[in-house]
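# Structural overview
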Amino acid sequence: MNIPLVYSEEVAEAITSGQPVVALESNVITHGLDYPDNAETARRVEDAVRASGSVPATIGIDNGRILIGLTESDIERFATVKGIPKVSSRDLPIVLARGGMGATTVASSVIAAQLAGLKFFSSAGIGGVHRGAERTMDVSSDLVQFTRSKVAVVCAGAKNILDLGLTMEFLETHCVPVVAYRSDDFPAFYCVSSGLRAPHRIDDPTVLAKAIENHWALGNPGSFLVTTPTKQADAIDGAEVESVIAEAVARAETEGVSGQAITKYLMRAVDRATEGRSAKANMAVLISTAEVAGELAAAHAKEFAS
């Protein structure tokens, strides 16, 4: 059986005409900011992709189908309907079978992107290995899915609430290429640098497009990770929030917070500590990453136009 894919008119026209398309997750709409800021941010992220020469395709789940591109009314529904579940890769077959709505994460979005034939996906921050994973085995399904889905993932690294050193080790062990675009370091979401050097730096989008295609031509089945740091003016100093994160991790363990709930718990702790500045930085990095993803998808399409 085939999974039903429903393309928005804009995305369908883009695919037919050979325009570059960038997939986006819908979890940031349903589990991020409150309404109307969530809907406005989704529109601004999509506009950033368009402004850089590509077409956005925000992924959602509704009525047993995967939506490849949300319409304006879809964005409003996802932004206002209460209780839409967060759907990762393990949840995807069940939510589709039940026929309700679902908001895609990084992991489920790259599955949908590959099914739809889209080569690029943008996310502000990927999941990773959680702090204390040597005891809890808490490793994001995003990382595992990168070993399976042939999609170029453009992101601002991973959130600094994670163990970024172990995250990089996981990616290396599983042969997932990590390239910093016009930067030396692996970024940490709304922090310009994690303090970790990226394995590779590429400044030329044409060279990057060739590297991505080479990865798949060599028979590799998984993703190609491209990082781009947030703009300096929008960034948060990592040292400023490190102690807050450490304290919040310890408190979460005491309170029994784990699994999918831990990220939201820690991010809210940082938001309180920065008096809301991290929420604004979160919005900014979503937009800046989408802008770069649109540029890279356009450069790739120009180099490898069919």
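To keep things clear, this report deals only with the structure shown in the data block. (Residues numbered from 1 in each chain as written. Predicted model: local features only at pLDDT ≥ 70, side-chain atom pairs only at ≥ 80, totals over all residues. Heavy atoms only, no water.)

### A few points about the side chain of T227
Looking at the secondary structure, you find T227 in strand β13 (residues 224–227). The residues contacting T227, other than those within four sequence positions of it, are C155, G157, V178, V179, A180, Y181, D185, F186 and P187. (Helix = DSSP H or I, 4+ residues; strand = E, 2+ residues; numbered from the N terminus. Contact = heavy atoms within 4.5 Å.)

### Thoughts on the pattern of salt bridges
This structure, assessed with the given rule, holds 15 salt bridges. With a shortest N-O distance of 3.8 Å, D62 and R65 are connected by a salt bridge. For D62, a relative accessible area of 13% translates into the label buried. Bridged by salt links that share partners, the residues E10, E46, D47 and R50 form one connected network. (Salt bridge = Lys/Arg side-chain N within 4 Å of Asp/Glu carboxyl O. Buried < 20%, exposed > 50% of the residue type's maximum accessible area, 1.4 Å probe, protein only.)

### Side note on the pairing of strand β10 (residues 185–188)
Here β10 runs beside strand β11 (residues 191–197); their pairing, made up of three bridges, is antiparallel. Counted as the bridge partner of D185 is R197 from β11. Following β10, the chain reverses through two residues before pairing antiparallel with β11; F189 in that reversal takes a positive phi of roughly 65 degrees. (Pairing = 2+ DSSP bridges.)

### Remarks on the packing of aromatic side chains
Summed over the entire model, instances satisfying the criterion amount to one aromatic pair. Taking 5.0 Å as the distance between ring centres and 50 degrees as the angle between the ring planes, the aromatic pair formed by F189 and Y190 counts as tilted. The two residues F189 and Y190 agree in class, both being buried. Taking the ring centre of F189 as reference, the NZ or CZ of K159 above it sits at 4.8 Å. (Phe/Tyr/Trp six-rings, centres within 6.5 Å; stacked < 30°, edge-to-face > 60°. Lys NZ or Arg CZ within 6 Å of the ring centre and 35° of its normal.)

### Section: helix α4 (residues 72–80)
Every buried residue of α4 is accounted for by D74, I75, F78 and A79. End-on view of α4: buried residues confined to an arc of 130 degrees, all on one side of the axis. Along its buried surface, α4 packs onto α2 (27–30), α3 (37–51), β3 (55–62), β4 (65–68) and β6 (102–104). (Arc of directions from axis to C-beta.)

### A short note on α3
Here α3 is 15 residues long and its end C-alpha atoms lie 20 Å apart, about the 21 Å a rise of 1.5 Å per residue gives. Restricting attention to buried positions, one finds in α3 the residues N38, A39, T41, A42, V45, E46, A48 and V49. Buried residues belonging to α3 abut β2 (21–24), α2, β3, α4 and α13 (277–303). Where α3 ends, the next residue or the one after it, G53, has phi of about 100 degrees, a positive value. (Expected span 1.5 Å × (residues − 1).)

### Things to note about the environment of S89
Mapping S89 onto the fold places it in the loop between β5 (86–87) and α5 (92–98). Sequence separation of S89 and A14 is 75 residues, and the distance between their C-alpha atoms is 26 Å. Ignoring anything within four residues of it in the chain, the contact list for S89 reads A107, S108, I111, S141 and Q145.

### Examining the nonpolar core
Counting residues in hydrophobic clusters, the biggest one holds 82 residues, and the most contacted among them are I68, F146, L208 and L225. Here this core gets nine residues from one element, more than from any other, and that element is α13. Setting aside anything within four residues of it in sequence, one finds L208 in contact with V179, Y181, I202, F224, V226 and L296. Counting eleven residues, the second largest nonpolar core, distinct from the first, contains A39, L67, A79 and M101. (Core = buried A, V, L, I, M, F, W, Y, C linked by side-chain atoms within 4.5 Å.)

Spatial relationships are all this shows, so hold off on functional conclusions.
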